[in-house]
Amino acid sequence: MDASTRDSNDVHGHALASFQNLRQYLNCQILGQESLVESLLVALLADGHLLVEGPPGLAKTRAIKALAHGLECEFQRLQFTPDMLPADLTGSDIYRPEEGSFHFQRGPLFRNLILADEINRAPAKVQSALLEAMGEHQISVGMSTYALPRLFLVMATQNPIEHEGTYPLPEAQLDRFMLHTLVAYPDRATTRLIMDLTRREALEGRELPPPPHHVSQEIVFGARREVLGLTMAGSVADYIAALVDATRHPAAYSEKLAEWIRWGASPRAAIAIERGARALAWLDGRDYVSPEDVQAIAPDALRHRLLLDYSAQARGITAQSCVSELLKLVPAP
């Protein structure tokens, strides 16, 4: 083995070890929500955004705060409300009379990690401003456009219980989220551990302990390059394309699916599955992507991209039901 190969292996090992330590830290602070932690790390590695849906009090805010603690980056929490304006996110031009000119005052979107809490409570203009930031990594104010940080991740939350005074996200914005993760209540034993954890933190006078090691942005960018360089067999790539195509032509697989799905997934779904499967394989320490990685990430990548028929919704059919049926019907390599 030559020196360049050894150096490359050392860099790979350092990045993977850093993310494994980060994962362990997050799981110690976010008890009973391993799938949420995994989704956050996958979105970070794949340069995507995350929509999290679940009842209140399930550590959604704590999760991204803990991630910000583990990274060398800036974090901003935004509570979305019906009276919010786009300038509350992007910033605005401020007139300085002593200079006789306008100067741009940056808004909270100019951070690395953004928590968009209860995103569906904001009106359409605010959602469109966030849509541009998520899709283009930039914001526009007046006639000027400003670039956002290179490391930029939005985690938005939705409360599935209360819908009064909310603005449902349009399909175009839902499609901008790489993953849609559902979180549920922890079991009784985990609830007991959560009680002990919060009591200890209250005694120590702090919400989150510092991580043993911080992950630098350079490590994150290096890990992203490694994720993109993982081996993916042509049969696995074809499997991803077949899954997405089945959402558009469900009648070719099942009459039941054809009755359920009114509109299929966009090409962004295939990209999300491919990037997410690569990230899962990398986190698992493998240099290749397996069909099991595809099957593991497909529900979160497809759930918010399927538009169901009204009759199917009336019968209690969910997008999760459709994805489960797709995974049964589309043959894996």
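Within each chain, residues carry numbers counting from 1 in the order of the written sequence. With the structure being a predicted model, the display of local features is reserved for residues of pLDDT at least 70 and the display and counting of side-chain atom pairs for 80 or more, all residues being used for whole-chain, interface and lining totals. Here the side-chain values reflect all heavy atoms present in the structure, with hydrogen atoms and water set aside.

Draft legend 1. Molecular detail of the nonpolar core. Counting residues in hydrophobic clusters, the biggest one holds 76 residues, and the most contacted among them are Phe 19, Leu 67, Leu 71 and Trp 282. Strands here mean DSSP runs of E at least two residues long; helices mean DSSP runs of H or I at least four residues long; both are numbered from the N terminus. At nine residues, helix α11 (residues 267-283) tops the list of elements feeding residues into this core. Sequence-distant contacts of Leu 67, defined by excluding residues within four places in its chain, comprise Leu 22, Leu 26, Leu 40, Leu 41, Leu 44 and Leu 113. We define the nonpolar core as a collection of buried residues of types Ala, Val, Leu, Ile, Met, Phe, Trp, Tyr and Cys that are connected through side-chain atoms lying within 4.5 Å of one another. Relative accessible area decides the class of each residue, using a 1.4 Å probe on protein chains only: under 20% of the type maximum gives buried, over 50% gives exposed, and in between gives partly exposed. Residues Ala 116, Ile 119, Leu 148 and Ala 156 belong to the second largest nonpolar core, which totals 25 residues. Should any heavy atoms of two residues lie within 4.5 Å, those residues are counted as being in contact.

Draft legend 2. Summary view of the environment of Ser 35. Among the structural elements, Ser 35 can be located in helix α2 (residues 34-45). Classification of Ser 35 as partly exposed rests on a relative accessible area of 40%. Separated by 147 residues in sequence, Ser 35 and Leu 182 have C-alpha atoms that sit 8.6 Å apart.

Draft legend 3. Highlighting the pattern of salt bridges. What makes a salt bridge here is a side-chain nitrogen of Lys or Arg within 4 Å of a carboxyl oxygen of Asp or Glu, nothing more. For the coordinates displayed, the defined rule picks out 17 salt bridges. Close ionic contact of Arg 23 with Glu 38 constitutes a salt bridge, the shortest N to O distance being 2.8 Å. Residue Arg 23 is found in helix α1 (residues 3-29), and its partner Glu 38 is found in helix α2; the two are separated by 15 residues along the sequence. Note on Arg 23: relative accessible area 24%, which makes it partly exposed. Accessibility expressed as a relative area gives 30% for Glu 38, which makes it partly exposed.

By themselves these figures say nothing about function.
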